[in-house]
Amino acid sequence: MMPHIDFDEKPFIAIWETTQACDLACLHCRACAQPARSSDELTTQEAKRLIDEIAEMAVPVFVLTGGDPLKRPDILEIVRYASDRKVRISLTPSATPLLTREAIVKLHQAGLARLAVSLDGPTAEIHDAFRRVPGSFQWTMDAVRWAREIGLPVQINTTITRHNFHQIYDVIALLATLDIALWSVFFLVPTGRGQDIGLLSAEEFEQVFAILHQTAQRALFDIKSTEAQHYRRYLLQRRTEARRQHALPGEKLPQLMPSMTDDGIGRAMGINDGKGFVFISHRGEVFPSGFLPLSAGNIRQQSLSKIYRESPLFRALRDSKNLKGKCGDCEYREVCGGSRARAFAVSGSPFAEEPCCVYQPKRKVQREETGVACD
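The model shown is predicted, which means the values in this text are computed figures rather than measured ones.

A. Looking closely at the packing of aromatic side chains. According to the stated counting rule, one finds ten aromatic pairs in the structure shown. An aromatic cluster is present here, built from F187, F205, F209, Y231 and Y234 joined pairwise through their rings. Residue placement shows R238 over the ring face of Y234; its charged tip is 4.6 Å from the ring centre. Over the ring of Y308 we find R318; its NZ or CZ atom is 4.6 Å from the centre of that ring.

B. Quick look at the nonpolar core. Within the largest apolar cluster, 90 residues are counted, with the highest numbers of intra-cluster contacts made by F62 and W183. Beyond its immediate stretch of four places on either side in the chain, F62 contacts A14, W16, L50, I51, I54, V87, R88, I89 and S90. Residues Y332, V335, C357 and Y359 belong to the second largest nonpolar core, which totals seven residues.

C. Seen up close, the packing of helix 2 (residues 75-84) against helix 3 (residues 101-110). Between helix 2 and helix 3, whose axes approach to 8 Å, the crossing angle comes to 25°. Considering the angle they form, helix 2 stands roughly parallel to helix 3. Here L76, V79, R80 and S83 of helix 2 lie close against helix 3, whose contacting residues are K106, L107 and A110. Looking at side-chain class alone, the contact of helix 2 with helix 3 contains four nonpolar, one polar and two charged residues.

D. How the structure looks around the environment of L174. Along the chain, L174 turns up in helix 6 (residues 168-175). Separated by 52 residues in the primary sequence, L174 and P122 have C-alpha atoms spaced 6.4 Å apart. In this structure, L174 is in contact with L119, G121, P122, F137 and M141, ignoring residues within four places of it in sequence.

E. Layout of the pattern of salt bridges. The full count for this structure, using the stated rule, is 21 salt bridges. For E41, the salt bridge goes to R72, with nearest N and O atoms at 3.7 Å. In this pair, E41 sits in the loop between strand 1 (13-17) and helix 1 (44-57) while R72 sits in the loop between strand 2 (61-65) and helix 2, placing the two residues 31 residues apart along the sequence. You can call R72 buried: its relative accessible area is 2%. D52 serves as the salt-bridge partner of R85, at 2.5 Å between the closest nitrogen and oxygen. One end of the pair, R85, is in the loop between helix 2 and strand 3 (89-91); the other, D52, is in helix 1, and 33 residues separate them in sequence.

F. Main features of the sheet that holds strand 4 (residues 114-118). Spatial strand order, 7-6-5-4-3-2-1-8-9: nine strands in an open sheet with mixed pairing. Both edges of this open sheet fall to strand 7 (222-226) and strand 9 (286-287), since each of them pairs with a single strand only. One ladder, built from five bridges, connects strand 6 (residues 182-187) with strand 7; its direction is parallel. Its bridge partner being in strand 7, W183 is matched across the sheet by I223.

Conventions adopted
- Residues numbered from 1 in each chain as written.
- Predicted model: local features only at pLDDT ≥ 70, side-chain atom pairs only at ≥ 80, totals over all residues.
- Heavy atoms only, no water.
- Phe/Tyr/Trp six-rings, centres within 6.5 Å; stacked < 30°, edge-to-face > 60°.
- Lys NZ or Arg CZ within 6 Å of the ring centre and 35° of its normal.
- Core = buried A, V, L, I, M, F, W, Y, C linked by side-chain atoms within 4.5 Å.
- Buried < 20%, exposed > 50% of the residue type's maximum accessible area, 1.4 Å probe, protein only.
- Contact = heavy atoms within 4.5 Å.
- Axes fitted to C-alpha atoms, helices over the stretch in contact; angles between N-to-C directions.
- Helix = DSSP H or I, 4+ residues; strand = E, 2+ residues; numbered from the N terminus.
- Parallel < 35°, antiparallel > 145°, perpendicular 65-115°, else oblique.
- Nonpolar A, V, L, I, M, F, W, Y, C, P; charged D, E, K, R; others polar.
- Salt bridge = Lys/Arg side-chain N within 4 Å of Asp/Glu carboxyl O.
- Pairing = 2+ DSSP bridges.

Take a look at the structure:
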């Protein structure tokens, strides 16, 4: 359950790109990762100062990502330091020969709270073609098994693209056998190498939403979406319809506000790029998300808290009045707001409307039909 957080003061999720070095060459990689590490990465001491800030801000979720965090020789020291500072830490390693059982055991002993690995297809053929390294699928399967053997919670990340759109049900069937805690479903933002992969249509987004909603009714693991903020709108619409169907004749439905526990909406309510979410690059640049390449500052020059709270970019992204197009008209804009990263990638503006949403806001429809805005 997500505690109440003032997103003007601190994020719910902070992600640090520990390195861009990685031995995979994934089709969708936003960072265009390469095997060699950069000499300009945050040092161990700079990483610890960042962790000190995360601890002082009491950010609930801190994720170490990459590239591949295991390419850093100091990763165990960093994880241990974060754990000692009472920072709940997750790590997203790449499925390569570096991800051994011994590495997972050491990470767990150092205080890692959750291991997150990617699974982008139900078979080695599909997954490995996406990751472009033979054997990645089996390394992923082994890592999940090793983590569960030692009691380390596992999260599976799946990026939905045209590459695997028609295998979603097969992926879900495989996930049901893996004893995972969370399935995090990423929806493509066309940036980095992902610019060469076709976006799903708005109608196909709705199809995936329906599958996720159906799966959530029976799955033993939680489901969350990334860069598909309008999945919350979909869930709220389904809940409203269910209440309407079960309402007594003449009964007035209550004002719909998502609770903290229903369908996982509450955990994500209102979170968006720069609003409850912050991304720190391997060089210390602070972005609204890893998929929105607009820097608001660098932690080598300013504190993370100052950048997050005071930068004009972050402040503007947190103000829904800045949303344009149908996102600005939408009655769901406070709980959704559309992907600011995808809007930027497609239109060049982080405030443009979500390009992959079928919903037509009531105010927009009425204005088009009558010329009168609906409040």
